[in-house]
Amino acid sequence: MRVVYISHSGFFVELEKTAFLFDYMKGEIPETDKKLFVFVSHRHPDHYNKYIFKLRDRGNVTFVLSSDIRLKDKAEDIVSLKPNTVCDIEEIRVQTLKSTDEGVAFIISAEGKRIFHAGDLNLWIWQGETKQYNNNMKALFEKYTEPLKGLSFDLGFIPLDPRLEETSFSGLDAYLKIAEFKRIFPMHFWENYDIIKRYKADRGLSAENVAVIEREGQEFTI
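Model, not experiment: these values are computed from the prediction.

Student: I'd like a rundown of the sheet that holds strand β1 (residues 2-7), residues and numbers included.
Tutor: Taken together, the 7 strands give an open sheet; going across it, the order is β6-β5-β4-β3-β2-β1-β15, and neighbouring strands pair in mixed fashion. Looking at strand neighbours, the two that pair on one side only are β6 (78-81) and β15 (219-221), the edges of this open sheet. Within this sheet the neighbouring strands show an average axis-to-axis angle of 15 degrees, counted without direction. Both β1 and strand β2 (residues 10-14) contribute to a ladder of 5 bridges, which runs antiparallel. Its bridge partner being in β2, Val-3 is matched across the sheet by Val-13.

What follows is the structure, encoded as structure tokens:
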């Protein structure tokens with residue numbers, strides 16, 4: 001597998017026959033001659049840029065969008081998915097989970113691989129919120145991630161957001177207890193690359209499978 005960090009929560013993944021683009025906001029999109037699936041987890045501008053539709057010019061592309069994205073364009077190359085949906089889209093299977101923020105998270109099964117992109121499904125424990133709010137957030141996160149229990153993923157793209165301050169590590173910690181991830185790529189860190197190194201240093205051996213992202217366009221071969 002080839003993985004390219006584009007920016008923020010945007011990643012490009014290339015398998016033997018298919019390629020995937022997740023939550024493109026900005027940056028250079030790698031070239032590929034393979035079938036391309038473009039995923040958008042929700043409508044927030046740091047996850048959704050209408051520029052993705054220019055990829056139609058390359059041909060052989062399918063767009064898989066969260067249902068909170070409203071489009072006048074009902075083209076046949078667009079698949080709109082609600083939370084808690086399982087469907088086969090051409091040669092891949094896609095399952096959506098409800099987000100603790102907006103839209104969905106994606107589980108993708110393709111070519112014998114299983115990939116998870118969390119979108120904004122995270123344990124959003126904010127310092128300024130009430131105890132009731134944060135307790136409710138914990139309960140919702142546990143509920144919405146229930147389908148992940150016991151699963152093994154080849155790739156996991158999971159938020160590690162420094163804005164959460166003291167609880168920045170909590171979401172990724174929680175995911176590691178829920179499912180097995182052979183390789184994890186942190187995202188949604190707002191160009192604060194240092195948080196990844198701090199997480200790995202603090203968590204030690206339990207974070208061995210967490211990739212160190214240092215720049216946009218960085219490429220990994222797995």
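Student: Pulling in residues and values, what's your account of the sheet that holds strand β14 (residues 184-187)?
Tutor: With mixed pairing, 6 strands are arranged side by side in an open sheet as β7-β8-β9-β10-β12-β14. A strand with exactly one partner marks an edge of an open sheet, and here the two such strands are β7 (86-89) and β14. Taking each pair of neighbouring strands and ignoring which way they run, the sheet shows an average axis angle of 20 degrees. Across 3 bridges, strand β10 (residues 113-117) lies against strand β12 (residues 155-159) in parallel orientation. Paired with His-117 across the two strands is Phe-157, which belongs to β12.

Quick notes on the rules
Residues numbered from 1 in each chain as written. Predicted model: local features only at pLDDT ≥ 70, side-chain atom pairs only at ≥ 80, totals over all residues. Heavy atoms only, no water. Pairing = 2+ DSSP bridges. Helix = DSSP H or I, 4+ residues; strand = E, 2+ residues; numbered from the N terminus. Axes fitted to C-alpha atoms, helices over the stretch in contact; angles between N-to-C directions.

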